[in-house]
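Each chain, letter by letter, is given below.
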Amino acid sequence: MNPCVPLAVNLNSPTSAGAKPKLFLCQKVIPCMFGLSEDLRRNAAVIPKSGLPPFGWVSQEMLLKVAHGQASPCSLTFGQYACAQSAWLQDLQDDFLISLYSCLITKPASPMDAEYSVLFFSKYDTKKLIAALTMFSRQFSHVPLSLEWSMVFINGLWEKMLQTPNIDSPPILSQWVHEGLQPFLVEPKVFACLHAKNILCETFQNIVAALNDIYSDLPVEEQRRIYSGIKYYLTQDGSNQKCYSAAVPGLNSTAWFENYLGSFLEHATVEDMQLFGDEPTLQKFARDPVNIQLISSLTLLRETAVYYTWLLTSGPGFPLSSVPDRLVCYLSPSAVSNLSRDDALSLAQRITKNCPWNLTHRGITRERAPSSLPAEELQVASSLVRKFEHFSAEILHALGQAAVGLSVSDIQNNIHDKDLEASIPALGEVRGWNAEQSSTIINKLLSSGYQILDGQSLAKLGSLVAGLNSSTVRNLPPEVILEAIKLPEFVQQMATLPSPLKMAFVEKISSSVGHPADLVKYIPDALASYIPKSLLVFEEEKPSVQDFNSKMWTREQAAMFFNDVIKTEPDFTSLSQSVLQGFTCAAARELDAESLQDLAKAMKEKNVELGEDQLSCLVKMVTLNGIPKDLDNYPKDLLLFLSPSDYAATGSCRQYFAEIGKANLHVLQKESSQRKQLLLEALACLKIPGTQVNTENTEILGRLVCDLGGEYIRSSGGNLLKQLSRCESFLPDQEEAIRSVVIGGNTTFGPPAAWSAFTLNELSGLIPVFDHSILQQIPKKALTVWLKNFAHDSPLSRKQVAAVVQELLPTRLKRADGCPAGKQVTEEVLNDDTMPIYYTPEELRACLKNVSLENHLSQILTYPFSTYPDGYTESLLRNLGPLMDFITPKDVAKWKITSADTLAFLLRNEPPNDQASAIIRRYIDLGNPLNATALNAIGTRYVCLLNATDLNMIDPNSLKLASLNLSACSQTTKDILYVKAKRAFSDQHNTPAYYQLIVPYLGGAPGVDLQALSKDNVNMNVSTLAGLRRDALMSLTPSEVRGLLGMNLADLKKWQYKPPIWDWIQVQKQSELDKLQIGLTGGTQEGYINIVTPKFQST
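This one's a predicted model, so the numbers in the text were calculated from it and none came from an experiment.

Colleague: Would you mind going over the overall build of the protein chain with me for this structure?
Modeller: Each helix and strand in the protein chain was counted, giving 67 helices and 0 strands. Looking at the 1099 residues of the protein chain, the share that counts as buried comes to 54%. Looking at the protein chain alone, contacts between residues at least 24 apart form 68% of all its contacts between residues at least 6 apart. When the accessible surface of the protein chain is totalled, it reaches about 48,900 Å², and 51% of it is carbon and sulfur.

The structure is reproduced here in structure tokens:
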């Protein structure tokens, strides 16, 4: 039944034959008894002969008991309250509506409740009702209300409001909206109710004005929900211009955005804007002075701001000087193309003053500089810069942030040395320099005689510091670095430096301070995570807890000093999240049970995320003396290692799985027995019939949805899509089921043909699953907007994004010999950071033949053209960026890679192994050392590509400053590097920190070294034990394994049938295994020998 029931308030009006009158409910449909009133006599005929009162009957005495708290408000039905005499209702307290609502929402609304609502609220005194609604609003102002009961209440409240004298007066309407209707209006479907009531545009305008008055007081999510309702009202009648007609007085105002959206315009997308009007009409709206004033105070969505700016500037007759300051940040290159030099400088100054120039981290261009500016800003900056042929110091100062548009050619040829040095303060404030720009400026400065003599001259470089190379930093006097890191203006530049440069600064600072504790104290926050673990070993003099807390550490770093910290600071709640994540079993074993529980609770309070091995250890220690009864006070992730029965003292199994659904399920491997068991228990607990999961259970399952099989996905339709979009990976049957559901179109998102860019953004995690049949249905416009505005923030790889791009390209019947039509490389194309995806290697080669690499090196570099017959110079290699996909090992063989910095730039975009191997090989073949910078550039991802000759070149001391994981490498690699690592960390051999330093290399350790470690309380993880050299593992006794595993010994039982643990068990005496007391079986009995057949690799 539509809750917005048309009203027939004349109770005596005739009805058509057989039809029930609309509001005759009290007299005809559900009779009400009003004591001995005329109404009673009129309805006497309907009283049953038994003398019992009919359903709608209520006495004054019954209502007074409710009013005075002597009876529960739930003891009467909504119909009984509606049928009570008006005078009796005035006895109810102002908080009665809160109680009534709480009673009503426990059961579904009936078809009659919307009409009861009209009758009930019509009997309330207006002042008393406003007071009651004010109290109701305070109670539920930021609490989601029941949708169906919101619709019921608004039905009656709206009719009551319309009966209020002078309701058209903005102050009176505003009072109703602010003090009465607000909690209901956050439900978008309530606006559908208003639409169905044919609310006039003038009235709706007043409602928007009232809502606009409280806009800033609303949480963002409520702003969005109200905006969704406003949009529904304005777009549901199919007209492109709801509430606007140039020919109708009262509807001809072009201040439409102010009148009907107000501040809620902040939540409008470009697609929404285009629903509000056609382009000519929107241009009229955009240029209206009232709307421009509104826009000047709003923060629009980025793509909406770009579109609004385009509406202003795309047509003739609108001067750029009239563009609001907030919108100059979103001008297009075409809008600034015809400016004079003076106007260009004036605009550049406005841009510098008003635009935040936020640096964005782009997920699909990981290979670019640590941060970069959006393409549109770069294009505008380039357009402004092109107004000038030469750049004096005055011009460079005036350009401000727009100087980021300078090309390398401009820097090299069009700026005099003295002007460049004089402009350092201005250029140092520019954000978004790419690597080649900043290095070109720095090299020109240094070659012209600029000297970095002290900290001030280093700090003066500002953002240009990123242009220094690591060798220059290492050659600076120590006092220069130490002075610079005390200057706030220098420290703020650290975050955007490339990784090799950060490591160079760390090395320089560490060699310049007297003690590791001073390193922690003085190191800038942005560099802390680059301190090698070997430099975080402290003896007598230790950093203060405050020094530790003030830095952001990696988990591996924090593990180095975790023991020191918890011994020093008994109040674990005072420790930072970053420090607490370093939890180790060895350190925790020294705590008593109460302190350990306090530590775990502090981790919950600080939302600390631990790894699987850490959690496995922590849960054993926390439950050593029994399961705590307040598990909700412990980290949610601990529940992954417990069961619903363990949680029973804390809450129900439903509560348990609601918590599991919010936990970091990824700490358990997908398809692991633990995850499978959790899912089975969750399905049993929630009593999910068959394979259909409803919305409520989907919310409870949370991340466990990622483990549901294809049959569940098919049966549950669209209920699961949003949760599935957050999953990290899918099995083949899950992918097939997702495609089936999406193609069916029976979801809240609708069929792919109806999707918008925002739909794609919500489902971005599923895009890799979509095949051609799905992608081709999605509107090209939606795909384009998503690529431009959302793809860079998505978790998708460039190859996955490329699959989306291919859907935008026309089908080619054959490859053209030259540059295909429509693919010419223009300035706009060059500045589009997704550009390379649109071209095949052949097309890119053909289309770049006539493009000047001099001016666009930072945006576009590809195959070695005739300009560089011997391969690219090193300065060019750092800007290959997304074009690395087009490079072949044959191209790499010509490159001049002479520094570890360049190696790091080339490898940070994670090229495929064959390409990475060619890059590393070229670096080594040119005689470069495998020093710490090179090893960190190669990293865990590529270290296994090094051969024995390469590995033997490594200086053991370089391993002190490197961070590697050898688990995936060959045994030869593990053996060589273990020996070097043992030598590198020999000075720490007798300290607790030694194990943390050597553990990544233990896969190459001989048995004798492991036997020595078994006496050091190291609490080795079983996964590490399983990764040991086979001969070394087989040489260990059960007693020695106990010594190595410590608190993790019980985990050995879970691994007993997995190789090589099972192989080890089979050669042990069962009597010795029994001494471990963890239930291991399979060892040799007395008098018997188990013969383990060796496994040979097939040839």
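Colleague: Looking at this structure, how should I read helix α16 (residues 279-287)?
Modeller: Helical geometry: 3.6 residues make up each α-helical turn, so side chains three or four residues apart lie on a common side. If you check which residues of α16 are buried, you get T281, L282, F285 and A286. Down the axis of α16, the smallest arc covering the buried residues is 140°, so these residues share one side. Buried residues in α16 make contact with α14 (256-260), α15 (270-276), α17 (289-295) and α18 (302-313).

Colleague: Explanation requested: the packing of aromatic side chains in the structure shown.
Modeller: Think of a pair of aromatic rings as described by two things: how far the centres are apart, and how the planes are tilted against each other in angle. This model, assessed by the stated rule, comprises 35 aromatic pairs. A centroid spacing of 5.6 Å and a plane angle of 90° characterise the contact between Y101 and F136, whose relative ring orientation is edge-to-face. In this pair, Y101 is assigned in helix α6 (residues 96-104) and F136 in helix α8 (residues 126-140), connecting sequence segments 35 residues apart. According to the relative accessible area criterion, Y101 is buried, its value standing at 4%. Classification of F136 as buried rests on a relative accessible area of 1%.

Colleague: Would you explain the nonpolar core in this entry?
Modeller: It is characteristic of soluble globular proteins that their nonpolar side chains tend to be buried jointly. Ranked by size, the top nonpolar core spans 327 residues in total, and within it F120, L458, F505, L1025 and L1052 carry the most contacts. Top element by residues in this core is helix α9 (residues 147-162). It accounts for 8 residues. In contact with F505, not counting residues within four places along its chain, are L458, V465, V473, I481, F490, M494, L497 and L527.

Colleague: Can you walk me through the packing of helix α12 (residues 201-213) against helix α13 (residues 220-235) in this structure?
Modeller: The axes of two packed helices give the description: the angle between them and the distance between them. It is the contact of α12 with α13, at a shortest axis distance of 12 Å, that shows an interaxial angle of 170°. As far as their axial angle goes, α13 and α12 are roughly antiparallel. Seen along the crossing, α12 lies across α13 with a hand that is left-handed. The residues of α13 that touch α12, namely those facing C201, F204, V208 and L211, are I226, I230, Y233 and L234. When the residues that make up the contact of α12 with α13 are grouped by side-chain class, the tally is 8 nonpolar, no polar and no charged.

Colleague: Please clarify how the state of the cysteines should be interpreted in this entry.
Modeller: Simply put, the disulfide is a covalent bond whose two ends are the sulfur atoms of two cysteines. If you walk through the whole model with that rule in mind, you get 7 disulfides. Put simply, C653 and C685 are joined by a disulfide, and their sulfur atoms are 2.0 Å apart. Between C653 and C685 the sulfur-sulfur dihedral comes to about 90°; the bridge is accordingly right-handed. Of this pair, C653 sits in helix α40 (residues 653-662) while C685 sits in helix α41 (residues 673-685), and the two are 32 residues apart along the sequence. For C685, a relative accessible area of 14% translates into the label buried. Across a sulfur-sulfur distance of 2.0 Å, C706 and C727 are joined as a disulfide pair. Across the S-S bond of C706 and C727 the torsion is about -90°, and the bridge reads as left-handed. Of this pair, C706 sits in the loop between α42 (695-701) and α43 (710-716) while C727 is found in the loop between α44 (721-724) and α45 (732-744), placing the two residues 21 residues apart along the sequence. Accessibility expressed as a relative area gives 10% for C706, which makes it buried.

Colleague: Just to check I follow, could you spell out unusual backbone geometry for this structure?
Modeller: What is expected of a backbone is that most residues other than glycine have negative phi and most peptide bonds are trans. For the bond from P1059 to P1060, the omega torsion is 0°, close enough to zero to count as cis. In this structure, P1060 sits in the loop between α65 (1038-1045) and α66 (1061-1066). With a phi close to 55°, N1017 is a non-glycine residue in the positive phi region. Locating N1017 in the fold gives a position in the loop between α62 (1007-1013) and α63 (1022-1026). Look at N1017 and you get partly exposed, because its relative accessible area is 36%. Its identity is not glycine, yet N1019 carries a phi of approximately 55°, on the positive side.

Colleague: Is there a simple way to explain the pattern of salt bridges in this structure?
Modeller: Opposite charge on two side chains allows them to pair when their charged atoms are near. Per the stated rule, a full pass over the model turns up 28 salt bridges. Notably, a salt bridge pairs D950 with R921, separated by 2.5 Å at the nearest N-O pair. Pair noted here: D950 is in helix α58 (residues 948-952) and R921 is in helix α56 (residues 913-925), with a separation of 29 residues, a long-range link. Residue class for R921 comes out partly exposed when judged on its relative accessible area of 29%.

Colleague: Please explain the side chain of K508 as it appears in this structure.
Modeller: Locating K508 in the fold gives a position in helix α30 (residues 499-512). An unpaired buried charge is present at K508: no salt bridge exists, and E479, the closest side chain of opposite charge, is 8.0 Å distant. Polar contacts involving the side chain of K508 include one to the main-chain carbonyl oxygen of R474, which spans 2.7 Å. In this structure K508 touches V473, R474, N475, L476, P477, P478 and I481, once residues within four positions along its chain are discounted.

Colleague: Is there a simple way to think about the side chain of Q557 in this case?
Modeller: Looking at the secondary structure, you find Q557 in helix α34 (residues 555-568). Once residues lying within four places of it in the same chain are set aside, the contact partners of Q557 are A528, S529, Y530, I531 and L536.

Colleague: Looking at this model, I keep getting lost on the packing of helix α37 (residues 593-605) against helix α38 (residues 612-622). Mind explaining?
Modeller: Contact geometry for α37 and α38: axes closest at 10 Å, N-to-C directions at 135°. Considering their axes alone, α37 and α38 lie oblique with respect to each other. In the packing of α37 onto α38, the handedness of the crossing is left-handed. In contact with L596, Q597, A600 and M603 of α37, α38 contributes L618, M621 and V622. Residue composition of the contact of α37 with α38, grouped by class: 6 nonpolar, 1 polar and no charged.

Colleague: So what exactly am I meant to see when it comes to the environment of P478 here?
Modeller: Positionally, P478 belongs in helix α28 (residues 478-484). Accessibility expressed as a relative area gives 35% for P478, which makes it partly exposed. Once residues lying within four places of it in the same chain are set aside, the contact partners of P478 are K508 and S512.

Colleague: What should I look at first to understand the environment of P628 in this one?
Modeller: By the secondary structure assignment, P628 is in the loop between α38 and α39 (644-647). P628 sits 31 residues away from Q597 along the chain, and the two C-alpha atoms are 9.1 Å apart. When residues no more than four places from it in sequence are discounted, the contact partners of P628 are Q597, V622, T623, Y634 and T650.

Colleague: Please clarify how the environment of N206 should be interpreted in this entry.
Modeller: Assignment of secondary structure puts N206 in helix α12. For the pair N206 and N259, spaced 53 residues apart in sequence, the C-alpha to C-alpha distance is 8.3 Å. Ignoring sequence-local partners within four residues, the contact set of N206 consists of D168 and L173.

Rules used in this analysis
- Residues numbered from 1 in each chain as written.
- Predicted model: local features only at pLDDT ≥ 70, side-chain atom pairs only at ≥ 80, totals over all residues.
- Heavy atoms only, no water.
- Helix = DSSP H or I, 4+ residues; strand = E, 2+ residues; numbered from the N terminus.
- Buried < 20%, exposed > 50% of the residue type's maximum accessible area, 1.4 Å probe, protein only.
- Contact = heavy atoms within 4.5 Å.
- Areas by Shrake-Rupley, 256 points an atom, 1.4 Å probe, with all protein chains shown as cover.
- Arc of directions from axis to C-beta.
- Phe/Tyr/Trp six-rings, centres within 6.5 Å; stacked < 30°, edge-to-face > 60°.
- Core = buried A, V, L, I, M, F, W, Y, C linked by side-chain atoms within 4.5 Å.
- Axes fitted to C-alpha atoms, helices over the stretch in contact; angles between N-to-C directions.
- Parallel < 35°, antiparallel > 145°, perpendicular 65-115°, else oblique.
- Left-handed = near helix turned anticlockwise from the far one by under 90°.
- Nonpolar A, V, L, I, M, F, W, Y, C, P; charged D, E, K, R; others polar.
- Disulfide = S-S within 2.5 Å.
- Salt bridge = Lys/Arg side-chain N within 4 Å of Asp/Glu carboxyl O.
- Lys, Arg positive; Asp, Glu negative; His and termini not counted.
- Polar contact = N/O pair within 3.5 Å; in protein donor to acceptor, adjacent residues only side chain to side chain.

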